[in-house]
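# Structure assessment
Now for the letters of each chain:
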Number of protein chains: 2
Amino acid sequence: MKRTEIRLAGAGGQGIILASIILAEGAVAADKYACQSQAYGPEARGGACKAEVVISDSRISYPEVRDPDFVMALTQKAADKYVTNLKEGTVILLDSRITLPEETSKYQVYQLPILDTAEHVIGRAQTANIIAVGAINSIFHICTNEQLFEAARKRIPQGTEELNLRALLAGEQMISGDQDEHP
Amino acid sequence: MKRTEIRLAGAGGQGIILASIILAEGAVAADKYACQSQAYGPEARGGACKAEVVISDSRISYPEVRDPDFVMALTQKAADKYVTNLKEGTVILLDSRITLPEETSKYQVYQLPILDTAEHVIGRAQTANIIAVGAINSIFHICTNEQLFEAARKRIPQGTEELNLRALLAGEQMISGDQDEHP
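So, here is what we can say about the structure in this document. All residue numbers here refer to positions counted from 1 along the written sequence of the relevant chain. Key to labels: chains lettered from A, ligands numbered from 1, both in the order written. In view of the model being predicted, local features appear only for residues whose pLDDT reaches at least 70, and side-chain atom pairs are presented and counted only at 80 or more, with totals across whole chains, interfaces and linings using the full set of residues. Think of the side-chain values as coming from all heavy atoms in the structure, minus any hydrogens and water.

## Details of the environment of Arg124 of chain B
Relative to the helices and strands, Arg124 of chain B resides in the loop between helix H3 (114–122) and helix H4 (128–140). Residues count as neighbours in contact if any of their non-hydrogen atoms are within 4.5 Å of one another. With sequence-adjacent residues up to four places away left out, Arg124 of chain B is seen in contact with Ala118, Glu119 and Leu163 of chain B. Counting from the N terminus, the helices are DSSP H or I runs at least four residues long and the strands are E runs at least two residues long.

What follows is the structure in structure tokens.
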């Protein structure tokens, strides 16, 4: 895995930071290097927030995301703010509730029912971030599902393991199941 | 509060990253700006880990810690690795179990019984990071105790609120209580 720059965006409270930490720790479990960061300002409260991860097979010299290879947005506000000025071929993951900006043909866009699945399939809105983590890992093959779940398990509340394992697998299935259906 | 660069170090599993996130989110609750980051490598597992926070009254242009104003080390390994090459006047917070490196006269050193207090006063070793957060906030006046507890409450397991509030106040008391005793 060459250097891959990942940006996750959503609303405060959606667990965007936690998602980025789980991806970083999953990467390390798979013997990769990772840097994870986020910036906060007073103006961010209630608005769009983002967290970033850089993952690489080799030591990371510059830890910040300059030109993301991947951007996820879970809310419209986050998409409006962060799905801009991206390079050609950027992989974009949007929740299905988001209206796409007009010009997306130069990107590779996944639009997945992350929030709906969290609320109506898993039964807990707060698992949206974990569904997203499962989908992202399935797109980039950062680590195995077992390594990813182990990374998640360390960071989620005790007693929610089964719920979050279902969320992780639901996210993974959105990508790999999709490929099976459209061979 | 001008730009303040904070580095926290300890062993994996001590909640160093969580501590840095709580400090960053406490700062934002107090209308400051914050950047939080950490880097992981395969070699870090089992060894010393660090997380960093930059806090400022104004927008932060460079998000990385270059020249820390504050370094905390909760383990000897972390102290050996990260309490080196610091500028004169750096504030250093060490757990009492750590043997100080020889030359510390150019630093401002606090040596506090963080691990012992977590284990024997609070009764839970895992609260050491929260005790540290309380002490650091008391040194730098990042936000009020209420804002800090609210930031912590969002990130700790449900049901551990009282335990962690006690830990936060124990840490705060180690600094401010100390000042009362030696006026």
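## Examining the interface of chain B and chain A
The partner chain A presents 24 residues to the 24 residues of chain B that form the contact. Take the accessible area each of two parts loses on contact, using a 1.4 Å probe, and add the two losses: that sum is the buried area. When chain B packs against chain A, the two sides together hide about 2,100 Å² of surface, and 54% of this comes from carbon and sulfur. Any carboxyl oxygen of Asp or Glu within 4 Å of a side-chain nitrogen of Lys or Arg constitutes a salt bridge here. If you look at where chain B meets chain A, you find zero salt bridges. N or O atoms closer than or at 3.5 Å make up a polar contact, with two conditions inside protein: a donor-capable atom paired with an acceptor-capable one, and, for residues adjacent in sequence, both atoms drawn from side chains. Where chain B touches chain A, the interface holds six residue pairs in polar contact (both at pLDDT 80 or more). Elements that contribute at least two residues to the side of chain B that touches chain A include exactly helix H1 (16–29) and strand S2 (33–40) of chain B. For the side of chain B that touches chain A, the leading source of residues is S2 of chain B, giving eight residues.

## Topic: the relation of the copies chain B and chain A
Both copies of the chain are tied together by a single rotation about an axis and a shift running along it. A residue counts toward the fit only if its pLDDT is at least 70 in both copies, and the copies are then superposed by least squares on the C-alpha atoms of those residues. Overlaying chain B on chain A yields an RMSD of 0.0 Å, the required transformation being a rotation through 180° with an accompanying axial translation of 0.0 Å. Both chain copies can therefore be described as sitting about a two-fold axis. Measuring from the rotation axis to each C-alpha of chain B, the shortest distance belongs to Ser37 of chain B, at 2.0 Å. Of the interface residues in chain B, 100% have counterparts in chain A that sit at the interface too, so the contact is made through matching surfaces.

## What to know about the packing of aromatic side chains
By convention here, two paired aromatic rings are described through the distance between centres and the angle between planes. Residue and element names in this part refer to chain A. Pairing of aromatic rings covers Phe, Tyr and Trp, the last counted by its six-membered ring, and requires centre-to-centre distances within 6.5 Å; plane angles under 30 degrees mean stacked, over 60 mean edge-to-face, and any other angle means tilted. With the rule as written, the count across this model stands at two aromatic pairs over all chains. Ring plane angle 85° and centroid distance 5.4 Å describe the contact between Phe70 and Phe140, whose orientation is recorded as edge-to-face. Taken together, the residues Phe70 in strand S4 (residues 70–73) and Phe140 in helix H4 (residues 128–140) connect sequence positions 70 residues apart. Like Phe140, Phe70 is buried. The buried label applies to any residue whose accessible area, calculated with a 1.4 Å probe on protein chains only, is under 20% of its type's maximum; exposed applies above 50%, and partly exposed to all values in between.

## So, the nonpolar core
Of all hydrophobic cores here, the largest spans 99 residues; its most connected members are Phe70 of chain A together with Phe70 of chain B. Broken down by element, this core gets its largest block of residues, 10 residues, from helix H1 (residues 16–29) of chain A. For the purposes of this section, nonpolar cores are sets of buried Ala, Val, Leu, Ile, Met, Phe, Trp, Tyr and Cys residues that join through side-chain atoms within 4.5 Å.

## A look at the sheet that holds strand S3 (residues 48–56) of chain B
Strands were regarded as paired on the criterion that DSSP finds at least two bridges between them. Pairing is mixed in the open sheet, where 12 strands are placed in the order S6(A)-S5(A)-S4(A)-S1(A)-S3(A)-S2(A)-S2(B)-S3(B)-S1(B)-S4(B)-S5(B)-S6(B). This sheet does not close on itself; its edge strands, each paired only once, are strand S6 (108–112) of chain A together with strand S6 (108–112) of chain B. Geometrically, the sheet is characterised by an average inter-axis angle of 15° between neighbouring strands, direction not taken into account. Where S2 of chain B and S3 of chain B come together, five bridges link them in antiparallel fashion. When the sheet's bridge partners are listed, Cys35 of chain B is paired in S3 of chain B with Val54 of chain B. Here, axes are lines fitted to C-alpha atoms. For helices the fit covers the stretch in contact, and angles between N-to-C directions go from 0 to 180 degrees. Docked against the sheet, H1 of chain B engages strand S2 (33–40) of chain A together with strand S1 (4–11), S2, S3 and strand S4 (70–73) of chain B, running at close to 165° with respect to S2 of chain B.

## Notes on the pairing of S4 of chain A
All names here are of chain A. In S4, alternate side chains face the same way, and those of Phe70 and Met72 on one face and Val71 and Ala73 on the other are all buried. Across four bridges, strand S1 (residues 4–11) lies against S4 in parallel orientation. Bridging from a neighbouring strand, Ile6 pairs with Phe70 of S4. If the strands point away from the viewer and the path from the first strand over the helix to the second runs clockwise, then the crossover is right-handed. The β-α-β motif built from S4, the intervening helix H2 (residues 76–82) and the parallel element strand S5 (residues 91–95) has right-handed crossover chirality.

## Let's talk about the side chain of Arg7 of chain A
Tracing the chain through its elements places Arg7 of chain A in strand S1. A polar side-chain atom of Arg7 of chain A sits 2.7 Å from a polar atom in the side chain of Glu52 of chain A.

## Things to note about the pattern of salt bridges
Pairing between side chains of opposite charge can happen when the charged atoms of each approach one another. Residue and element names in this part refer to chain A. Evaluation of the coordinates by the stated rule reveals 18 salt bridges over all chains. Ionic pairing is found between Glu5 and Arg3, a salt bridge with its closest N-O pair at 2.9 Å. On the accessibility criterion, Arg3 (24% relative accessible area) is partly exposed. One salt bridge in this structure joins Arg66 and Glu5, with 4.0 Å as the shortest N-O distance. One end of the pair, Arg66, is in the loop between strand S3 (48–56) and S4; the other, Glu5, is in strand S1, and 61 residues separate them in sequence.

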